[in-house]
Amino acid sequence: MTDKQRDVLLSINDLHVWFELRRLGFGHAGYVKAVDGVTFDLHYGETIAIVGESGCGKSSLMKTILGLNKPTKGSITFDGKQDVGTLEGEALRQYRAKIGYVQQDPFGALAPFMNVQRILEEPLIINGVKDPAERERRVRKVMEEVKLTPVDDFLHKFPHMMSGGQQQRVVIARAIILEPKLVVADEPVSMLDASVRVEILKLLRGLQEKYKLAVIYITHDLSTVRYFSERVFVMYAGNVVEKAPVNSLVHNPKHPYTSALMDATSDPDADNALTYRELPPGEPPSLVNPPSGCRFHPRCPKRIDNLCEVEEPTDLASDDHLVACWLYK
Amino acid sequence: MAQNNNLLRIEDLVLHFGTTRGAVQAVDRVNFSLNANQAVVVLGESGCGKSSLAKAILRLLPRNVVSYSGRVYLDGNDVMQLDEEEFRQNIRWASISMVPQAAMNSLNPVIRVGDQVAEPAIIHLGVSKQEAVSLVKKMFQHVGVPEDFISRYPFELSGGMRQRVAIAMALVTSPNLILLDEPTSALDVLTQASIFNVLKRLKGELGISFILITHDIATSSELADSVAVMYAGQIVETSDAHRFFAEPLHPYSRMLMASVPRLRANTEPEFITGQPPSLLNPPKGCRFADRCPKRFDKCSEEPPVANVDGIQVKCWLYTS
């Protein structure tokens, strides 16, 4: 099934998420423009990766999708019906139950005073599953799915009794226990050992394939996106600067920032120790006062004077590999 | 390795901690050496004892130590023989310093970063405040922090900048050797690469040696001259970087290498099933045996360290 044939699950349209800064006594002091004009569609059963560094807005984007922030402008449409930004109260709670959230720090995400059984039952209780036997059945089933077995051994364990990988399995189990259509995974493996990352990503991929879940995988580590997504969106300073199918992005990165990310990603190779890596100078910009025009222009080795700092580039098309960069005009 | 080239040689280092459930054998007869101006990577997963190894080298011991022995030769002299005060004055932060795990998050939030970097210089080198300031400026230059950041507080710096400050703190007393414990694990990829550029420059221009402790094989190749793989408190393979990254020998090293997702290759990474053993009661015999695909009956006895053309491997497969 091609992208075009699958239905759209989540449609993000010109989304802006700005946080107001207030100075005590002086009122309004500007906005942190965390997400500043993002548009894309996510289809049922599709996995996409959102790649970017700290401060690019990916976490704010994710929290807005989860209904934890309100959009400042633009819309998020779920399942063709609901504009997430307008949901309140009970409707918002029901929406949130349709999305699973896998957090970055497994230890931080689990209440230390709750054992696995209580942690996994909680979403069921909140969402009105009253029968304890039914809850137990579902808890056991999801633990089998994430391979936290033998189930009886793990049911009564507290988070500190488990390894990072096991804790993350509990987080994943909790995210899927309500049978969501969409799972948002925010850096799900970056706090785990490198050798455990693959195990957890494969687990997620297996669940995604089995239940036809749509997954938004947020990460700054490009080396894992090939194993775990169909399309990649690269974010920088609140904008999506490149959108492409994963192999197209990895073999032919178009935006200079994407190329910089790829060049900075190491594969195990002893020759790496022999040279310095070329990196764009400086750091990602403040989101309160982002640079004019293309936000990457102050750091871009391929900057075109009198163009890049003046006008903000929009998606320049090349079939399904879009890039927001004047080099591709 | 040539005796005269060794900056650091560790022999039979042991560090066991006492707990109510018994002794945790965190560092169990570790041997390795490091030449001047080289970087050795101690590679291992969580719980293998690598952070404890750093503490054992720097004698940063908690109160529940039950066993601490071995020989640590720095420039030919066994520093384990020194008493506490001599070690504190001449070794810790004088010859060997450290950037601990999550150092960038452990900076004192209420003291300006310039003052924090100056502190080891004032205490260990006895310099005046003015001399300390000019030392700090020089350090900031080495690690790539703008000079005007001297008067800033940690919260005003990004993660990458704070990590550079932590490295500057370890550098200010001009040590010969710096231990780095997971120096880039919390950082974004561009920042990680920039930190490694700093470390490469310190190695190349200032001649400093490094022991880099990490679980991240891919980034470890950015600095490594040699690699020591640690598993369950023991070193299972020691090799030069070129041969290690091309083809490691120990089954654990091989599986670890195979588990790394690569950006530039098409192979699907494989993960290692099972878990490392608890250091409380490590299994008799080879500690990797129950997860090893090449296990055979001899593995129920502890394997000796075999020498394969200069590579040390603690595995029966390589013992003739």
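A quick note: this is a predicted structure, and the numbers were derived from the prediction, not measured.

1. Some words on the overall build of chain B
Reasoning step 1: The helix and strand tally for chain B stands at 9 helices and 12 strands.
Reasoning step 2: Taken over C-alpha atoms, the radius of gyration comes to 20 Å for chain B, in line with the 20 Å a tight globule of 320 residues would show.
Reasoning step 3: Overall, chain B is about 65 × 50 × 45 Å in size when its C-alpha atoms are taken along their principal axes.
Reasoning step 4: Looking at chain B residue by residue over its 320 residues, the buried ones come to 49%.

2. Observations regarding helix H3 (residues 113-125) of chain B
All names here are of chain B.
Reasoning step 1: Between its terminal C-alpha atoms H3 stretches 19 Å, which fits the 18 Å expected from 13 residues at 1.5 Å a residue.
Reasoning step 2: All of the buried residues in H3 are Val113, Gly114, Val117, Ala118, Pro120 and Ala121.
Reasoning step 3: Looking at the buried residues of H3, the elements they touch are helix H4 (129-143) and helix H5 (159-171).
Reasoning step 4: Among the residues trailing H3, Gly126 stands out with phi positive, at a value near 65 degrees.

3. Focus on helix H6 (residues 189-206) of chain B
Reasoning step 1: Spanning 18 residues, H6 of chain B covers 25 Å between terminal C-alpha atoms, matching the ideal 26 Å at 1.5 Å per step.
Reasoning step 2: Every buried residue belonging to H6 of chain B is among Val189, Leu190, Thr191, Gln192, Ala193, Ser194, Ile195, Phe196, Val198, Leu199, Lys200 and Leu202 of chain B, and all of these are buried.
Reasoning step 3: Those residues of H6 of chain B that are buried lie in contact with helix H10 (256-264) of chain A together with H4, H5, strand E8 (209-214) and helix H7 (217-220) of chain B.
Reasoning step 4: The first or second residue beyond H6 of chain B is Gly207 of chain B, which carries a positive phi of 70 degrees.

4. Regarding the interface of chain A and chain B
Reasoning step 1: The interface of chain A with chain B comprises 33 residues on the first partner and 38 residues on the second.
Reasoning step 2: Put simply, the parts of the chain that give the side of chain A that touches chain B at least two residues each are helix H8 (194-211) and H10 of chain A.
Reasoning step 3: Top contributing element to the side of chain A that touches chain B by residue count: H8 of chain A, with 5 residues.
Reasoning step 4: A per-class count over the side of chain A that touches chain B returns 14 nonpolar, 10 polar and 9 charged.

5. Remarks on the sheet that holds strand E4 (residues 65-74) of chain B
All names here are of chain B.
Reasoning step 1: One open sheet accounts for 4 strands, arranged E2-E1-E4-E5; its pairing is antiparallel. Of all strands in the sheet, those bounded by a partner on one side alone are strand E2 (22-35) and strand E5 (77-78).
Reasoning step 2: Alignment of strand E1 (residues 6-19) against E4, held across 8 bridges, turns out to be antiparallel. Bridging from a neighbouring strand, Leu15 pairs with Tyr68 of E4.
Reasoning step 3: The sheet strands contacting helix H1 (residues 50-58) are E1, E2 and E4, and the helix crosses E2 at an angle near 70 degrees.

6. Let's talk about the domain arrangement of chain A
Residue and element names in this part refer to chain A.
Reasoning step 1: Each assigned domain of chain A is listed with its residue range as follows: domain 1 (1-98 + 187-193 + 202-266 + 282-329) and domain 2 (99-179).
Reasoning step 2: For domain 1 and domain 2, the distance between their C-alpha centroids amounts to 29 Å.
Reasoning step 3: In this complex, domain 1 contributes 13 residues to the contact, which on the side of domain 2 involves 17 residues.
Reasoning step 4: A class-by-class count of the residues in the side of domain 1 that touches domain 2 yields 8 nonpolar, 1 polar and 4 charged.

7. Description of the environment of Glu144 of chain A
All names here are of chain A.
Reasoning step 1: Note on placement: Glu144 falls in helix H5 (residues 132-145).
Reasoning step 2: For Glu144, a count of 13 C-beta atoms within 10 Å gives the class partly exposed.
Reasoning step 3: In this structure the C-alpha to C-alpha distance between Glu144 and Thr39, which are 105 residues apart in sequence, comes to 37 Å.
Reasoning step 4: The contact partners of Glu144, leaving out residues within four places of it in the chain, are Thr149 and Val151.

8. A short note on the pairing of strand E8 (residues 214-219) of chain A
All names here are of chain A.
Reasoning step 1: Extensive coverage of E8 is indicated by the burial of 6 of its 6 residues.
Reasoning step 2: Residue alternation in E8 divides its side chains into two sets, Ala214, Ile216 and Ile218 and Val215, Tyr217 and Thr219, and both sets are buried.
Reasoning step 3: The pairing of strand E3 (residues 47-51) with E8 spans 5 bridges and is classified as parallel. Within E8, the position partnered with Ala49 by the bridge is Tyr217.
Reasoning step 4: With respect to chirality, the unit in which strand E7 (residues 182-186) leads through H8 into the neighbouring parallel E8 is right-handed.

9. Some words on the sheet that holds strand E10 (residues 239-245) of chain A
Residues and elements named next belong to chain A.
Reasoning step 1: Taken in spatial order, the 7 strands make up an open sheet running E6-E7-E8-E3-E9-E10-E11, and their pairing is mixed. The open sheet terminates on both sides in strands that have one partner only, identified here as strand E6 (99-102) and strand E11 (322-323).
Reasoning step 2: The pairing of strand E9 (residues 231-236) with E10 spans 6 bridges and is classified as antiparallel. Along E10, the bridge assignment pairs Val232 with Ala244.
Reasoning step 3: Helix H7 (residues 164-176) rests against E6 and E7 of the sheet, and its axis sits at about 170 degrees to E6.

10. Here's the deal with the packing of H7 of chain A against H8 of chain A
All names here are of chain A.
Reasoning step 1: Their axes nearest at 10 Å, the elements H7 and H8 cross at an angle of 20 degrees. With respect to each other, H7 and H8 are oriented roughly parallel. As H7 packs across H8, the resulting crossing turns out to be right-handed. Within the contact between the two elements, H7 uses Gly164, Gly165, Gln168, Arg169, Ile172 and Ile176 and H8 uses Val196, Glu199, Ile200, Leu203, Leu204 and Leu207.
Reasoning step 2: Residue composition of the contact of H7 with H8, grouped by class: 7 nonpolar, 3 polar and 2 charged.

11. Let's talk about the nonpolar core
A general trend in soluble globular proteins is that nonpolar side chains are found buried together.
Reasoning step 1: Grouped together as the largest cluster of nonpolar side chains are 186 residues, with contacts concentrated most on Ala173 and Val241 of chain A together with Ala168 of chain B.
Reasoning step 2: Split by domain, this core shows at least three residues from each of two domains, domain 1 (1-98 + 187-193 + 202-266 + 282-329) and domain 2 (99-179) of chain A.
Reasoning step 3: With sequence-adjacent residues up to four places away left out, Val241 of chain A is seen in contact with Val234, Met235, Tyr236, His255, Tyr257, Phe296, Val323, Ala324 and Cys325 of chain A.

12. Section: the pairing of strand E11 (residues 305-308) of chain B
All names here are of chain B.
Reasoning step 1: In terms of strand pairing, E11 meets strand E12 (residues 311-314) through 4 bridges, oriented antiparallel. Within E12, the position partnered with Val308 by the bridge is Ile311.
Reasoning step 2: In textbook terms, the turn of a hairpin is the stretch between consecutive antiparallel strands, and for E11 and E12 this stretch comprises 2 residues, one of which, Asp309, has a positive phi near 55 degrees.

13. Here's the deal with the environment of Ile217 of chain B
Reasoning step 1: One can find Ile217 of chain B in helix H7.
Reasoning step 2: Exposure remark for Ile217 of chain B: the 25 C-beta atoms within 10 Å place this residue in the buried category.
Reasoning step 3: C-alpha of Ile217 of chain B to C-alpha of Val42 of chain B: the two residues are 175 residues apart in sequence and 9.9 Å apart in space.
Reasoning step 4: Ignoring sequence-local partners within four residues, the contact set of Ile217 of chain B consists of Ala194 and Pro268 of chain A together with Leu43, Leu256, Met257 and Val260 of chain B.

14. Considering the environment of Val189 of chain A
Residues and elements named next belong to chain A.
Reasoning step 1: Mapped onto the elements of the fold, Val189 is located in the loop between E7 and H8.
Reasoning step 2: Residue Val189 is classed as buried on the basis of its C-beta count, with 27 C-beta atoms lying within 10 Å.
Reasoning step 3: For the pair Val189 and Gln168, spaced 21 residues apart in sequence, the C-alpha to C-alpha distance is 8.1 Å.
Reasoning step 4: Contact partners of Val189, with chain neighbours within four places excluded, come to Arg197, Ile200 and Leu201.

Cut-offs used in this document
Residues numbered from 1 in each chain as written. Chains lettered and ligands numbered in written order. Predicted model: local features only at pLDDT ≥ 70, side-chain atom pairs only at ≥ 80, totals over all residues. Helix = DSSP H or I, 4+ residues; strand = E, 2+ residues; numbered from the N terminus. Rg over C-alpha atoms; globule rule 2.2 N^0.38 Å. Buried ≥ 20, exposed ≤ 12 C-beta atoms within 10 Å, placed from the backbone. Expected span 1.5 Å × (residues − 1). Contact = placed C-beta atoms within 7 Å. Nonpolar A, V, L, I, M, F, W, Y, C, P; charged D, E, K, R; others polar. Pairing = 2+ DSSP bridges. Axes fitted to C-alpha atoms, helices over the stretch in contact; angles between N-to-C directions. Domains from an automatic or database assignment. Right-handed = clockwise from strand over helix to strand, strands pointing away. Parallel < 35°, antiparallel > 145°, perpendicular 65-115°, else oblique. Left-handed = near helix turned anticlockwise from the far one by under 90°. Core = buried A, V, L, I, M, F, W, Y, C linked by C-beta atoms within 7 Å.

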